[in-house]
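Read off the chains here:
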Amino acid sequence: MNYIRVRLGVLGLALLTGFTTPTAASAAQAAPSPTVEEQRLGRAAPQEILRRSGFDTAAPRLARALEGARSYGEARRAVSREGARLWQRAVDRAQGRGPAGGDLSRDDDRPLYWARLGMTRDVRTWEPEFGLTDGQRAALLDELERTSRGQDAILPHSPLRSSGGTPIPHGKGLKRILLTGFDPFTLDRDIRISNPSGATALALDGTVIETADGPARVETAVFPVRWQDFTDGTVERTLRPHLPKVDLFTTVSQGRVGRFDIERTNGAWRGGFGDNENIGRTETVPVSDPASQPQWTTTTLPYAAITAAQTGRFPVYDNTSVTEIPAGGTESVVRPDGPTPGSTARAGGGGDYLSNEIAYRATLLRDRLGLHGTLPGGHVHTPVLQFAAGNTTEVTDPEFVRNRLDIIAQVRAILKVAAETS
């Protein structure tokens, strides 16, 4: 596909999570090309997903707003507004508010993903008459990423409302839950892929779970499947203001076929698998103050209660396995019962990819904030979201939708158990 750089740019997406303070544009700088992730947008399946959900209008709307911008400040406001609009539109669609926009099931997370890519590609390739510095473009992309992922809309102290819209008074027993999901990934293997963790985030954002101890409100955000964003601190920047204010948190990602896992231990190691930009990283998870960095962190979710409860059709396991290099050793060893003293991490229970890393970063942040003994938190792996047997070409099918809805419902049930037993 040939990308023609006109004043507005093309239909698109990208990511640069490190926030850069814009400097005055002294001269126009050439717009960069679309990223590997953005270039997939032109394929047939993403276009069908956008068309069948009505989300094919999101990027053109932003493009028109950028066309009308006469300064960096106006562009920044337009990007912030349209990014937040996209997130809220995806949440509303998932929760049955407003028009469906097409025949694609409302629980689908993919319209948000592909529409965001269309918008970031427009920002990345936009060449305004007033010129943009690299720092200003990076800041616009960062603003779009944060707003369109719900990362700046986590409001643990916002008023609670019941499913009928009636305000719920604050008081004893009121709980707040923070949940994160992920974008689709391994798209070069199957461009049609959906991520049930992202779908769960959309379905549950702002909803209230009635527990035996009273109402609990769920606030959510979604993260990219890109190593560099995690290196740049997107997880810590998003979660740090909120962990001291919530009663429970869980990072969620897609894991193994046919089962949920509560991951007991998280490891400080990146295993090198390619991300959505087809970039791999093999190294210790980079964090601030590496001198005090532990090799392992642990869940504080009530895993025994969760695994014992009847939460849905998929079995739920307390996964204690890790891969380590034992103290004094040189070779990796799988430990079914967790790490041994002094060992070096090579995989947590959740592996050595970004699901393990978000769990590691979130629980390390919990511990560095002094909340290990008071804040339940950890990682939940969902089953792999599968299409019906024999479906190798269609973007959806009834079994695919049923599987996703069942996963969403079971995550909600898991949260209820966790809230009642924490």
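Predicted model, so just to flag it, every value in this text is computed and none were measured.

Colleague: What am I meant to see in the layout of surface pockets here?
Modeller: If a probe the size of a water molecule is rolled over the atoms, the empty space left behind becomes visible. The computed volume of the second largest pocket comes to approximately 230 Å³. Taken together, the residues of the lining of the second largest pocket sort by class into 6 nonpolar, 5 polar and 2 charged.

Colleague: I tried to follow the side chain of glutamate 324 on my own but got confused; where do I start?
Modeller: Mapped onto the fold, glutamate 324 is located in strand E13 (residues 322-325). On the accessibility criterion, glutamate 324 (0% relative accessible area) is buried. Here arginine 335 takes part through its side chain, which lies 2.6 Å from a polar atom of the side chain of glutamate 324. Excluding residues that lie within four positions of it along the chain, glutamate 324 makes contacts with Trp296, Glu331, Ser332, Val333, Arg335, Pro339, Thr340, Ser343, Thr344 and Arg346.

Colleague: What should I look at first to understand the packing of helix H5 (residues 110-125) against helix H6 (residues 134-148) in this one?
Modeller: For any two helices packed against each other, the geometry is given by the interaxial angle and the distance between the axes. Look at H5 against H6: their axes get within 10 Å of each other, and the N-to-C directions meet at 165°. Accordingly, the angle class assigned to the pair H5 and H6 is roughly antiparallel. Crossing geometry of H5 relative to H6 is assigned as right-handed. Here Leu112, Arg116, Met119, Thr120, Val123, Arg124 and Thr125 of H5 come into contact with H6, specifically with Arg137, Leu140, Leu141, Leu144, Glu145 and Ser148. Residues that form the contact of H5 with H6 fall into these classes: 6 nonpolar, 3 polar and 4 charged.

Colleague: Can you help me understand the sheet that holds strand E4 (residues 208-211) in this one?
Modeller: In sheet architecture, strand pairing relies on hydrogen bonds along the backbone and comes in two forms, parallel and antiparallel. A sheet is described by the order of its strands in space; here 7 strands give the open sequence E4-E5-E3-E6-E16-E7-E12, paired in mixed fashion. Every interior strand has two partners, whereas the edge strands, E4 and strand E12 (316-319), have only one. Within the sheet, the average angular offset between the axes of one strand and its neighbour, ignoring direction, is 25°. Sheet analysis places strand E3 (residues 175-182) next to strand E6 (residues 248-254), joined by 4 bridges and oriented parallel. Counted as the bridge partner of isoleucine 177 is leucine 248 from E6. The strands that helix H7 (residues 196-204) touches are E3, strand E5 (214-223), E6 and strand E16 (377-382); relative to E3, the one it contacts most, it runs at about 145°. Sheet contacts for helix H12 (residues 398-421): E3, E4, E5, E6, strand E7 (260-263), E12 and E16; angle to E4, the most-contacted strand, approximately 50°.

Colleague: What am I meant to see in the pairing of E7 here?
Modeller: Along any regular strand the residues' side chains alternate between the sheet's two faces. By the alternation rule, side chains of E7 split into Phe260 and Ile262 and Asp261 and Glu263, which are all buried. Here E7 pairs with E12 via 4 bridges, running parallel. For aspartate 261, the partnering residue across the bridge sits in E12 and is tyrosine 317. The pairing of E7 with E16 spans 3 bridges and is antiparallel. Bridge pairing in E16 links glutamate 263 to histidine 379.

Colleague: Could you clarify how one ought to interpret the nonpolar core in this entry?
Modeller: Nonpolar side chains tend to gather and get buried jointly when the protein is soluble and globular. Counting residues in each nonpolar core, the largest one holds 64 residues, and the members touching the most others are Trp114, Val123, Leu140, Leu179, Phe260, Ile306 and Leu415. With near-sequence residues (within four places) excluded, phenylalanine 260 lies in contact with Phe314, Pro315, Val316, Tyr317, Val380, His381, Thr382, Pro383, Ile407, Gln410, Val411 and Ile414.

Colleague: How should I be thinking about the pairing of E6 in this particular structure?
Modeller: Taken across its 7 residues, E6 has 7 buried, putting it largely inside the fold. In terms of strand pairing, E6 meets E16 through 6 bridges, oriented parallel. Pairing of glutamine 254 across the sheet is with threonine 382, part of E16.

Colleague: Please clarify how the sheet that holds E13 should be interpreted in this entry.
Modeller: Spatially, E14-E13-E15 is the arrangement adopted by the 3 strands of the open sheet, whose pairing is antiparallel. At either end of the open sheet lies a strand with only one pairing partner, and these are strand E14 (333-335) and strand E15 (344-347). Each adjacent strand pair in this sheet contributes to an overall mean axis angle of 45°, direction not counted.

Here is what the cut-offs are and how they apply
Residues numbered from 1 in each chain as written. Predicted model: local features only at pLDDT ≥ 70, side-chain atom pairs only at ≥ 80, totals over all residues. Heavy atoms only, no water. 1 Å grid on protein atoms, 1.4 Å probe; cavity = no way out; pocket = protein on both sides within 12 Å on 5 of 7 lines; lining within 4 Å. Points joined across faces, edges and corners; volume = space filled by probe spheres on them. Nonpolar A, V, L, I, M, F, W, Y, C, P; charged D, E, K, R; others polar. Helix = DSSP H or I, 4+ residues; strand = E, 2+ residues; numbered from the N terminus. Buried < 20%, exposed > 50% of the residue type's maximum accessible area, 1.4 Å probe, protein only. Polar contact = N/O pair within 3.5 Å; in protein donor to acceptor, adjacent residues only side chain to side chain. Contact = heavy atoms within 4.5 Å. Axes fitted to C-alpha atoms, helices over the stretch in contact; angles between N-to-C directions. Parallel < 35°, antiparallel > 145°, perpendicular 65-115°, else oblique. Left-handed = near helix turned anticlockwise from the far one by under 90°. Pairing = 2+ DSSP bridges. Core = buried A, V, L, I, M, F, W, Y, C linked by side-chain atoms within 4.5 Å.

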